[in-house]
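Listed below, chain by chain, are the residues.
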Amino acid sequence: MEVSEGYTAATFEELAMPLFDQLYNFAHWLTQNPSEAEDLVQETYVKALKGFSSFQPHTNFRAWIYRILRNTFLSSRAGLRARSTVPLDEEEGPEIPASTGTPESIFIEHAQEQLLQSAIEQLPLHFREILLLCDVEEMSYKEISDALSVPIGTVMSRLSRARNALRQILLQNLQG
Amino acid sequence: MADDYTAKLATYLDGELPPDEMKAVDAHVRSCPSCAADVLGQVQLQRAVRSSGKRYTPGPAFRARMRRQIAPRPRTSVWSAWLTAATVVAVLVIASLGAAYFGQRRLQREQAFSELADLHVATLASANPVDVVSTDRHTVKPWFQGKIPFTFNLPEVQNSEFALAGGRVTYLGQAPGAHLIYQIRKHQISVFIFQDRDLKGGLSSDLGVRKRHSFEVDTWSQDGLRYFVIGDASTADIRDLATRLKAAESS
C-alpha cells in the first residue's frame, strides 16, 4: 500500500493499529456480520492510508478514521439497506418519550449482558452508532461530531434519543 | 426545578456541561433524591452498555493480515525501480556494445583471413611467387633482415615431407610481414608472420585450425609475433607445420 508524500506508513501504522480492536468492534456492531466487519475495517484502513495526506496533524485521528469507517459502511450494501429503512434525520421523527418506568432498576434485577446486547442490536443504526461511540468508545461530543459529521447539538439530541430508545427496547424485551 | 436538571443529567454524566453548570448540577444531585436515583440508574446503564458494547474481537489472522497490509514498505521502492531499470539498460548497453565489439572483431578477423587467402592465391598465381628462392632456412631467414622490423625462427624441415620454397615481404593492412611458402606433396602452404602489435584486434585470438575461404587456416601468437598458416593441405598437415613453427620459435 502506498502512502502519500509527507507522511510515513510507519506513522500511520502507529496511529491506526492501536484502534484496530475498537474499529473492528464498531464495524461488527454496524454490519452485524463478522466477514462484512473485516471487509469494512480493511477498506477503511486502505482508504485511510491512501488519504493520510489529507489528515491534519494534531487533529483527532480517531474521529477521522471512524468517519472514514462510517462513510464506507453507509456506502456499502449493508449500509444502504440500513439507511433505507431508518431515516437518519431523527429531528423529523417523533420524540421518544423518556422512560416512565424504572428500566434501569428492572435491568439491574435482570441484568443479563445478552439482553442488553440484543437491545443495542435492535436500535436503529443512527442510534446504535452514537450510543457506541459515546458509551463504548467514550468519545467526547466533539469527537462524535467529527466522526459523524454532524453538529454538536445534533450529537446531544441524538444521543438523548438513542438512550431513551434503548430504555424503551429494554422495557419491551423485559416485559414481553 | 428538578425537571430543569433532569434534562441535563445525561450531559452532566458525559462530562460535557460547562464547568459552572457541572458544579450546579453536581450540587443539585447531592441534594435531590429523585435526580440522584436517576443519575444512579443512568450510570449503571452506561456502564452496562460499555461492558456489553465491547463484544467483538478481531481474529489474530485478520489482525496479522491488516498489519502486513499497512506496514511500511522498504523505502527503496522508487529507487530500486530506477536502479533495476538502470541496470537493465546498462546490461543492454553493455550487451550491445559487446555484441558490436565482438561483431566488429569477427568482421576484422574475417576480412584479414580473406585478405590472407587472397595473398596466398595471388602469390601462387604469380610467375615469381617468392623473392628469395631457397629451401634453406638459413638463407631465407637472413634475407628478411632489414626488410621487416622483426626477426623470426624457421623450423628445420629437411627430414620431413615439408619443403621450404622461399619467401617474400608482404603487407597486411599496412603491417609489414614475412610470407613464406612451404610445399607438402603437391600442396602449397603460406606462412605469414607479423608483429602482433601492428595488427588490429580482430586478429589477436588463437582459433586452432579452421576452414576458411576453402583453405585450412591456423593462427597463433608467440613472442609478440602473429603466425598464420594457410593452404589447401589437410588439417593434419597444417597443424603439423604449425607445430614445427612453434617449436622453432620457442627453441
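Predicted model only: the values in this text are computed from it and were never measured.

Undergrad: Go over the overall build of chain A with me, naming the residues and quoting the values.
TA: Each helix and strand counted, chain A has 10 helices and zero strands in total. For chain A, the N- to C-terminal ordering of α and β elements is α-α-α-α-α-α-α-α-α-α. Within the span of chain A, comprising 176 residues, buried residues form 50% of the whole. In chain A, the share of contacts with a sequence separation of at least 24, taken over all contacts with a separation of at least 6, comes to 73%. Carbon and sulfur atoms provide 51% of the accessible area of chain A, an area that totals close to 8,000 Å².

Undergrad: Quick rundown of the pattern of salt bridges? Include the residues and the values.
TA: Between side chains of opposite charge, a pair can form when the charged atoms approach closely. Evaluated as defined, the whole model comprises 16 salt bridges over all chains. In this structure, Glu43(A) engages Lys47(A) in a salt bridge whose closest nitrogen and oxygen atoms are separated by 3.5 Å. Placement of both Glu43(A) and Lys47(A) in helix α3 (residues 34–50) is noted, with a separation of four residues, approximately one turn of the helix. Given a relative accessible area of 39%, Glu43(A) falls into the partly exposed group. A salt bridge links Arg226(B) to Asp196(B); its shortest N-O distance comes to 3.5 Å. Taken together, the residues span a long stretch of sequence, with Arg226(B) in strand β7 (residues 225–231) and Asp196(B) in the loop between β4 (187–195) and β5 (210–212) at a distance of 30 residues. Through salt bridges that share partners, Asp135(A), Arg163(A) and Asp14(B) make up one connected network.

Undergrad: Explain the side chain of Asn164(A) to me, and be specific about the residues and the numbers.
TA: Relative to the assigned elements, Asn164(A) resides in helix α10 (residues 152–175). At a separation of 2.9 Å, a polar atom in the side chain of Asn164(A) contacts the side chain of Arg167(A).

Undergrad: Can you break down the nonpolar core residue by residue, with the values?
TA: Core analysis: the largest hydrophobic core is formed by 61 residues, its most contacted members being Phe12(A), Tyr45(A), Phe61(A), Ile65(A) and Leu166(A). Apart from the residues lying within four places of it in its own chain, the contact partners of Leu166(A) are Leu116(A), Ala119(A), Ile120(A), Leu123(A), Leu131(A), Leu45(B) and Val49(B). Grouped together as the second largest cluster of nonpolar side chains are 28 residues, Val132(B), Phe162(B), Leu164(B) and Ala178(B) included.

Undergrad: Tell me about the pairing of β7(B), and please be specific about residues and values.
TA: All names here are of chain B. Burial within β7 is extensive, with seven of its seven residues counted as buried. Both faces of β7 are covered, namely the face carrying Leu225, Tyr227, Val229 and Gly231 and the face carrying Arg226, Phe228 and Ile230. Of the pairings in the sheet, the one linking β4 to β7 comprises seven bridges and is antiparallel in character. By the bridge assignment for β7, Ser190 is matched with Ile230. Pairing of strand β6 (residues 215–222) with β7, which is carried by seven bridges, proceeds in the antiparallel orientation. Counterpart to Ser221 in the pairing with β7 is Arg226.

How each quantity is defined
Residues numbered from 1 in each chain as written. Chains lettered and ligands numbered in written order. Predicted model: local features only at pLDDT ≥ 70, side-chain atom pairs only at ≥ 80, totals over all residues. Heavy atoms only, no water. Helix = DSSP H or I, 4+ residues; strand = E, 2+ residues; numbered from the N terminus. Buried < 20%, exposed > 50% of the residue type's maximum accessible area, 1.4 Å probe, protein only. Contact = heavy atoms within 4.5 Å. Areas by Shrake-Rupley, 256 points an atom, 1.4 Å probe, with all protein chains shown as cover. Salt bridge = Lys/Arg side-chain N within 4 Å of Asp/Glu carboxyl O. Polar contact = N/O pair within 3.5 Å; in protein donor to acceptor, adjacent residues only side chain to side chain. Core = buried A, V, L, I, M, F, W, Y, C linked by side-chain atoms within 4.5 Å. Pairing = 2+ DSSP bridges.

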